[in-house]
Amino acid sequence: MLKLGVPSKGRLMDKTFDWFGQRGVTLRKSGSDREYAGAVDGIDGVELVLLSAGEVPRELAAGRIQLGVTGSDLVREKLSAWDSQVQEVAPMGFGGADLIIAVPQTWVDVDTLDDLDAAAAAFRAAHGHRLRIATKYHRLVREFLKAEGVADYQLVDSQGATEGTVKNETAEAIADITSTGETLRANGLKILGDRPIHASQATLFRGRRAGWSNAQRATFKALQAKLGV
Amino acid sequence: MQPLEIAAEAARLRALFEAEGATAVDADILLSAETLLDLYGEDIRARAYLTTDPFGGEMVLRPDFTVPVVEQHMRSHADPARYTYAGKVFRKQEDVPERAHEYAQVGFEVFDGRDPAGADAAVFAAISKALDGLDVTPVTGDIGILMAAVQGLKTSQTRKAALMRHLWRPRKFRSLLDRFGGRTPPSPTRTALLAQEDPLADVGQVVGLRSRAEIATRIAALREDAATPPISGEEMALIDAILGLRETAPNVLSALRDIAVDLPAIGTAVQAMAARLLALDARGIAVDALAFEGSYGRTSLEYYDGFVFGFSANAADMPSVATGGRYDALTARLGDGRAVPAVGGVIRPDLVLALRGDA
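The paragraphs below set out a description of the structure included in this document. (Residues numbered from 1 in each chain as written. Chains lettered and ligands numbered in written order. Predicted model: local features only at pLDDT ≥ 70, side-chain atom pairs only at ≥ 80, totals over all residues.)

Some words on the pairing of strand β5 (residues 67–71) of chain A
Residue and element names in this part refer to chain A.
- Most of β5 is tucked away: five of the five residues are buried.
- Of the strand pairs in this sheet, strand β1 (residues 2–7) and β5 are connected by two bridges, and their pairing is parallel. Each bridged residue has a counterpart across the sheet, and for glycine 5 the counterpart in β5 is glycine 68.
- Relative to strand β13 (residues 202–207), β5 runs antiparallel, the two sharing five bridges. In the strand pairing of β13, glycine 68 is matched with phenylalanine 205. (Buried ≥ 20, exposed ≤ 12 C-beta atoms within 10 Å, placed from the backbone. Helix = DSSP H or I, 4+ residues; strand = E, 2+ residues; numbered from the N terminus. Pairing = 2+ DSSP bridges.)

Considering the sheet that holds strand β6 (residues 102–111) of chain B
All names here are of chain B.
- What the nine strands build is an open sheet, ordered β1-β5-β6-β12-β11-β10-β7-β9-β8; its pairing is mixed. Strands at the two margins of the open sheet, each flanked by one partner only, are β1 (23–24) and β8 (246–248).
- Note that strand β10 (residues 307–313) and strand β11 (residues 322–326) share four bridges and pair antiparallel. The partner of glycine 310 across the bridge, within β11, is threonine 323.
- The strands that helix α1 (residues 3–19) touches are β1, β5 (81–90), β6 and β12 (342–347); relative to β5, the one it contacts most, it runs at about 165°. (Contact = placed C-beta atoms within 7 Å. Axes fitted to C-alpha atoms, helices over the stretch in contact; angles between N-to-C directions.)

Some remarks on the sheet that holds strand β4 (residues 57–61) of chain B
All names here are of chain B.
- Pairing in this open sheet of three strands is antiparallel, and the strands run β2-β4-β3 from one edge to the other. Of all the strands in the sheet, just β2 (30–32) and β3 (50–53) have a single pairing partner and so form its edges. For this sheet, the mean inter-axis angle between neighbouring strands, taken without regard to orientation, is 40°.
- Two strands pair when backbone bridges link them, and β3 and β4 are joined in this way by four bridges, in the antiparallel orientation. Bridging across to β4, leucine 50 finds its partner in valine 60.

Encoded structure:
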């Protein structure tokens, strides 16, 4: 059996079902709506596994599922050297959101990452601690800021309501996913720089872990042909 | 390789350093992460294993001995002092996962301000002697020369401070230099900001901890910087020349003496290098063949600010067998302003054994 992991609820699940459905593979929940069991029609040898989008990267890396749908941001955040552990099979064109850094609109002097770095140096000298950036995307943000040469910052973990941390003075800036930027503006924040840390979308991934059976490989080939990817 | 063999080799190496007058010391494996986070910020999380103690806050599995040994030394007020240690260090290998995550290090650290050139040579020679017979080649460098060159630039203190802050981040250092040298134009947002009479005029209530006064201070600094003439093409070329040096140490020394004619600020650092080569020669090091690279030791997370060196295997693909350097500034950071000139290096006994097995 080739196990395909798909987000177990919400828009991401519905859109994933639509995406496969348009390509002749029907995914559906079996049993009651609360039950996380699934069924696949239109191709043999594929088993649907419903799970949280955040767990898909780990399950792929561990080889407990062979294919999985999740946000490209989650794969990059949760797996080190992600592209050695999983492979992008197909970007799916929905669930788009940008991971961005935002600072207060009142920071008229800060528009680029160079500005952020300089402001962080001065902030640390003035306040005795590093400039705090609230986020739940620790790895992505850290690697991005390292590549861009930003120093004197620290990450503070924020699993929700991240936009509010600046007003509450538990952080000076935030790094978060945004699709429209409206919540940012409502909280007096603006997006830094001219490109996001990562432009995320729902993506079909394949685990690179060894140990696929010949049957799994054949099923994957048939699925690829059917999906046109 | 057997752990016991590695431990035996580590003991042999440590005994060699004890014979050089070093006192054997040890450090906790589980350390408070505060010092390392303070020194290196978030980058340390990609390199070391951090965990949380319910009462002690963030803790780290010892990523090297230098920081705890410096802390012990700064508390002891001994001067001069020589230390040696042997034990495991723990490193995340996010970029090269197949590299060892825990491995033994044997170190030799010399805290002695009386004769820096002599101390540099003592450490290098002791490590060189310990690696005797192995198919390895040393490379040297000197971050003090680059630092002196930056300090000697005819430009504002603000720009020099920015360059010094990013000395260990080669890409960022280059982009700053290009900006200060007028090779990269200012961003359109910067130009627009400075075109306003008072950019803060229409700004309402400031959100967050960074105050209106701090923003105003930075705008003033940006105006001052915009009015500062670019670093000259000649000076940019001199920095490039220093970074591009890649020759035997005596040839580099001669090139640096030429550069010092146009950049007199590096004179003292060049003299220090000359003294070091004499001291190395006196200890029997083949100085004429010793490689020197102007950019050596400029990787991030390192604390070296003078002489730097590494020994790499000629035939095998492995990390450096030994590395070291001078870290005067680190002792100042950890000693509450009280600095002790210090130089040291580490050997990896596992790699020594692997090379000896190959031989």
